[in-house]
Amino acid sequence: MASRVSARQRWRQLPAALALLAPSIVILGAFVVYPLVRAVVLGRQRCGVTGQSCRTVGWGQYGDVFVSQEFQNALWVTVRFALITVPLGLVLGVALAVLAHKPLSGIAVFRTIFSSTVATSVAVASLMWLFLLQPDVGVLANVGWLNELIPTLKRPGLLRDPATALWSVALSSVWAGLGFTFILVTAGLQGIPEDLHEAAAIDGATGSRRFWKITLPLLGPTLLFVVIVLTTRAFQAYGEVDLLTDGGPQPGDTTTTLTYLTYGRDSLIAGDDGLRSTSAVLLFLVLLALSMIQLRLIGRRVHYGSD
Amino acid sequence: MNRRRLTPVALLAAASIAVAACSSGDSIIEQAGDDEPTTPAPATTVAEGSSGSTAAPASSVAGDEPVATAPATNATTTTTPLAALPDCPVDALDGATAPVEITFWHGLNVDNQTAIEQVTANYNASQDRVIVDPQNQGGYLETIDKFFQSGDTDRPAVVMLPEYTVQQAIDSATMIPVEACTSAAGYDLSTFQPATIAAYSAAGVDWGMPFNVSNPVLYYNKNMFVEAGLDPDKPPQSLEELRAYSQQLVDSGAAAYGIAIDSGADSGGGWFLEQWFANAGELYADNGNGRLAPATEVLYDGVSGVELLTYVQDLVNDGLAFYVGDNAGGADQLLKLADENEPAAMAISTSAGLGTVLNTLAGGLVPGLGPEDVGVGALPGPAGVPTALVGGAALYIADGKTDVEAAAAWDFISYLVSPETQSLFATLTGYVPVRSDALTVEPALSVYEDDPRFRVAYDQLAASPDSPALQGPILGPQREIRAVTARAVAEIFSGGDVQTALSNAAQVANDLLAAYNASN
C-alpha cells in the first residue's frame, strides 16, 4: 500500500489506466464535457429561429443577459420558488418521517402512503393539481365552503392570480417531492443508534428535547444532503411550471423560472438557441455557486460522527 | 484547505446574485439587438423603402395600401423567382425500379394522429411505387425544431409545418417550393380555396401545400341563448352584436358572462388578433404582411389595434366578458362554458377542436349541456362579416433528397390533397377541406349536410375575399412575436393601458424582427 511508485512505473501503467478509464472518458466526454463546452460557446452567439446562421456577439452577451429584466425576473422568481419549496419540503419531510418512525403496528401503511409521491412523476402530480385547481370545472373550486374561505380559488383561480400562482406551483412541487425527502430522512433516522435515545430517556430527557438534542444533530449529514438536493431541484424545476402556468400569469412572467426562461414554449427567447444557451450556462453558474455556499455555510456545522 | 479555496468563489457568486437583484437592465432581446444597425442586411433596405407606407397603418382599407407598397418594395428586395429555386422532378418515379421508401414527419396527436396514419396507410395500399413511413414528432414545435436543426440526410422527404412557419421554411433554404411541383406536373389547383394556397405563399411563390386547415369559430350555449330571448340559430357576427348579446345574456340571468376570453399566444393573445386584423382589412405587419418581402415591423399598435382591444377590454371591465388568463391549459375559455356556478355563454376557439368538444359533451361530463346544445358560429369580428385566416399546417417537400425521393414526396402530397382524402380526413378530424370538390364526395358530403356546425369554418374561409390582409402575416419569429403580443393582451385584459401595452409589445416585436432579419 504505502510503497512509492517510481515515475517510470507510473508511465508503464498509463496505457492500462487509460484503457480502464476509456469508457468513462468517452461517455463523459461525449455526453457531458462536449455539450457543456458547446453550450458555453453557443452562449456567445445569437441564432436565427432555424438554429442556423448564428453570429457571434461575444462574451459580453453573458453579462448583458445576466442584467436583463427577464433574466433577473426569472432569477428572483426562482429564488422565491426555492425559498418556499426548500424549507417547506424539509420541515414536512422531517415531520412525517419522525411521525412514521414509531414501532407501531401498521406503521408500514403510513410509510407507504407518505413515500408514495416518489412513484408519482412531476407530470402526473402537476396534472392532478391542475384538475384540482381548475377554477371552472376543477374539484376544489366548486366546493362551496372552500370557495367562500378562499374566493381566489374561483375568481380568477389560484394558478391565474399573480399573487398566488407561484405559491400554488410551489405547493404542488412540495407535494410531489415529499416522498423523496421522507425516504431519505427515514433512512437517516434508522441510522441513529437507539441506545442514545434510551440513555437520554433514562436521564429524564423529554421527547422534544431528545428530538432537538439527539435526532436533529445526528440527522445533520442527511439534512445537508436533502437541502442541497431540494435546492437544486427547485432551481431545476420545469415540469410544474410548464404544465400548470406556462410561466404566467401574464403580464409579468409571474412564474417564469430560470429553467422556463431557458426551455419554455412561451419564453421570450424560445426561438434563439444562442440566448437559451447563455441562460442555461448562467443557470449552471448560479447553481454551482449556490451549492458551494451551502457546503461552506452549512457543511461546517454538520456533525459527521466521531472522528 | 479545500474550504478556503471555495470561499472567494462563493462570495463572488453571492455578490453577483445581489447585484442582479437590485440592478435593472434592459430587455433580453434589446440587449442582443444592440449591434443591429452595423449588420448590412437586405431587410434594412426594405424597411427604408416601405417606411412611408407604414406611417399610417391604422385607417387603411384592405387592398389599397399593399398595392401602393408593392412596386416600391419589389424594387428594393432580392425576390427569388421560382426558376431560381430548387426544381421538382415530378417524373423521376417513372425511372424507379423498386418501391421508393420515404419518411414523413408530422405533429398530430391523439385522434388526429390516428387519422393521418390511416390516410397514409391508404396511400401505401393504393399504389406500389412509394412506401411512406409516417413519424409523429410529438407536436408542431418539436417538428419545427427537429426539422430545421437536422442535416440534409436526416431530414424526412415530407414534413408538416404549421402556418406560422412559412418565413422560416423559406429562409432555411431546405425546401423545394411546392409550386415547382404543381407547375411541373401541371397540377390543377382551380378547385382549391384560394386562401389556403395564398396562406403558404410569399413573394409570389407557393411554398407549402395546405393540408389540415382550421380557423377560430364561436362556440355558444344554445340553451342560454333561448333563455335570454336570443335566436339560437343566429350567433353574433359583429363586435357590436357580441356586446349586445352578452348584455342580454347577463341581464336576463341566462349566463353569468356573455363570453369567455383568453390571452393565449395561439388563441386570444395572438392568433385571434391576427384574425381580427384580417377581418378589418388591416395589415398586421409591413411589406404586405411580410408577403412581399420580409416584414420589418408589426402594425398592431396603431389606431385600429387600440380601438379593437379597447372594445374587448371594455367587455371585461363591464362584466360582460370573463377573462380566463393565459390559457395554459389550452381550452380554458371553453371550460368556462361548462362552469357549474358562473358559466359564460360563448367562447372563441379553433374549429379543429369541434370533434373533441362534441365527444366530451356526449360523454355526459357536463350536466345540462349535451352535444346538441352547442352552437357554432363564425368568428365575430370588427367588419361584421365572416372571414378567416388559414390556420393549421401545410406539407413541405425537403430539398437535398434524390430525384426519386422528391418525386415520391410529391406523389404522396398530391394524394393527401385529393378530394377523396380531404373529404375523409376532414370528417375524421374536424379540419376543413382545402378544396371545394372535397365536399361533393363522401364522407364529407353527408357529414357536412347532417351537421352544419362542421361547415362553419369552411364557409367563413370560403367567404373571405382575396386580399393581402386576408393572407395573414408571415413573420420570421412569429412564434416569439405571438408570445410578446400575448403578454400585452394579458396586461390589457387585466386592466392595463391599451396604447402603452401595445406600443411596448410592438417595440419588442420589432426588435425580434430586426434580430431575425439580421441573421437570415
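On a predicted model such as this, the values are computed, not experimentally measured, just so you know.

Colleague: Outline the overall build of chain A, supporting the account with residue identities and numerical values.
Modeller: Broken down by element type, chain A carries 12 helices and two strands. Taking 19 Å as the expected radius of gyration for a compact globule of 307 residues, we find that chain A reaches 24 Å, considerably beyond that expectation. Counting all 307 residues of chain A, 40% fall into the buried class. When contacts within chain A are restricted to residue pairs at least 6 apart in sequence, long-range pairs at least 24 apart make up 65% of them.

Colleague: Can you explain the domain arrangement of chain B? Please cite residues and give values.
Modeller: Residue and element names in this part refer to chain B. Parsing chain B into structural domains produces domain 1 (82-214 + 389-441) and domain 2 (216-387 + 473-518). With centres defined by C-alpha atoms, the gap from domain 1 to domain 2 works out at 30 Å. With 16 residues of domain 1 at the contact, the number on the domain 2 side is 20 residues. Of all the secondary-structure elements, those providing two or more residues to the side of domain 1 that touches domain 2 are α7 (166-171) and β13 (391-398). With four residues, the top contributor of residues to the side of domain 1 that touches domain 2 is α7. Classifying every residue of the side of domain 1 that touches domain 2 by side-chain character gives seven nonpolar, seven polar and two charged.

Colleague: Describe in detail the pairing of strand β7 (residues 209-214) of chain B, supporting the description with residues and values.
Modeller: Residue and element names in this part refer to chain B. Here β7 lies mainly inside the structure; six of its six residues are buried. Bridge analysis of β7 against β13 gives five bridges, and the strand direction is antiparallel. Paired with Ser-214 across the bridge in β13 is Gly-391.

Colleague: Give a description of the environment of Leu-461 of chain B that names residues and reports values.
Modeller: All names here are of chain B. Mapped onto the fold, Leu-461 is located in helix α20 (residues 456-462). Residue classification places Leu-461 among the buried residues on the basis of 28 C-beta atoms within 10 Å. Spatially, the C-alpha atom of Leu-461 lies 33 Å from that of Asp-497, the residues being 36 residues apart in sequence. Setting aside residues up to four positions removed in sequence, Leu-461 forms contacts with Gln-193, Ala-195, Asn-215, Ala-388, Val-390 and Val-432.

What counts and how
- Residues numbered from 1 in each chain as written.
- Chains lettered and ligands numbered in written order.
- Predicted model: local features only at pLDDT ≥ 70, side-chain atom pairs only at ≥ 80, totals over all residues.
- Helix = DSSP H or I, 4+ residues; strand = E, 2+ residues; numbered from the N terminus.
- Rg over C-alpha atoms; globule rule 2.2 N^0.38 Å.
- Buried ≥ 20, exposed ≤ 12 C-beta atoms within 10 Å, placed from the backbone.
- Contact = placed C-beta atoms within 7 Å.
- Domains from an automatic or database assignment.
- Nonpolar A, V, L, I, M, F, W, Y, C, P; charged D, E, K, R; others polar.
- Pairing = 2+ DSSP bridges.

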